[in-house]
Amino acid sequence: MANIKSAKKRILVNRTKAERNKAIRSSVKTAIKKVRVAIEAKDKDAAQAALLAATATIDKAATKGVYHKNNASRKVSRLAKAVNTME
């Protein structure tokens, strides 16, 4: 355990930020999963609605710095491609 006051604060702040990042990452994974489930169910309308929500969630995570912008862009691109290639 740290002895210096500023080091103790850094530990607390880092823990708080890690929890926030974990929550945001989890919500992104859930949004992606909803799109995948809709695709597997072959429900194009639900897939497109889920894609819209997932895109917003992923972009928000990138804005907050949880994901790099290229990583977020790649996730959105792959989801959009999966939805667009549905029958």
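To start, this report covers the structure provided alongside it. (Residues numbered from 1 in each chain as written. Predicted model: local features only at pLDDT ≥ 70, side-chain atom pairs only at ≥ 80, totals over all residues. Heavy atoms only, no water.)

### Let's talk about the overall build of the chain
Looking only at helices and strands, one finds three helices and zero strands in the chain. Residue burial in the chain is summarised as follows: out of 87 residues, 25% are buried. Carbon and sulfur atoms make up 54% of the accessible area of the chain, which amounts to about 6,500 Å² in all. (Helix = DSSP H or I, 4+ residues; strand = E, 2+ residues; numbered from the N terminus. Buried < 20%, exposed > 50% of the residue type's maximum accessible area, 1.4 Å probe, protein only. Areas by Shrake-Rupley, 256 points an atom, 1.4 Å probe, with all protein chains shown as cover.)

### Focus on the environment of Lys17
On the secondary structure map, Lys17 appears in helix α1 (residues 5-40). As for Lys17 and Val66, which are separated by 49 residues in sequence, their C-alpha atoms are 10.0 Å apart.

### A closer look at the packing of helix α2 (residues 44-63) against helix α3 (residues 69-84)
Running from N to C, α2 and α3 point in directions that differ by 175°, and their axes come no closer than 10 Å. It follows from the interaxial angle that α2 and α3 lie roughly antiparallel. Of the residues in α3, those touching α2 at Lys44, Ala47, Gln48, Leu51, Ala54, Thr55, Ile58, Asp59 and Ala62 are Lys69, Ala72, Lys75, Val76, Leu79, Ala80, Val83 and Asn84. Of the residues contributing to the contact of α2 with α3, the split by class is 10 nonpolar, three polar and four charged. (Axes fitted to C-alpha atoms, helices over the stretch in contact; angles between N-to-C directions. Parallel < 35°, antiparallel > 145°, perpendicular 65-115°, else oblique. Contact = heavy atoms within 4.5 Å. Nonpolar A, V, L, I, M, F, W, Y, C, P; charged D, E, K, R; others polar.)

### Details of unusual backbone geometry
The backbone of Lys42 shows a phi angle near 60°, a positive value even though the residue is not glycine. When you line up the elements, Lys42 lands in the loop between α1 and α2. In this structure Lys42 comes out as exposed when scored by relative accessible area, which is 62%.

### Notes on the nonpolar core
Of all hydrophobic cores here, the largest spans 21 residues; its most connected members are Val35, Ile39, Ile58 and Leu79. Secondary structure elements with two or more residues in this core: α1, α2 and α3. Top element by residues in this core is α1. It accounts for seven residues. Apart from the residues within four sequence positions on either side, Val35 is in contact with Ala47, Ala50, Leu51, Ala54, Leu79 and Val83. (Core = buried A, V, L, I, M, F, W, Y, C linked by side-chain atoms within 4.5 Å.)

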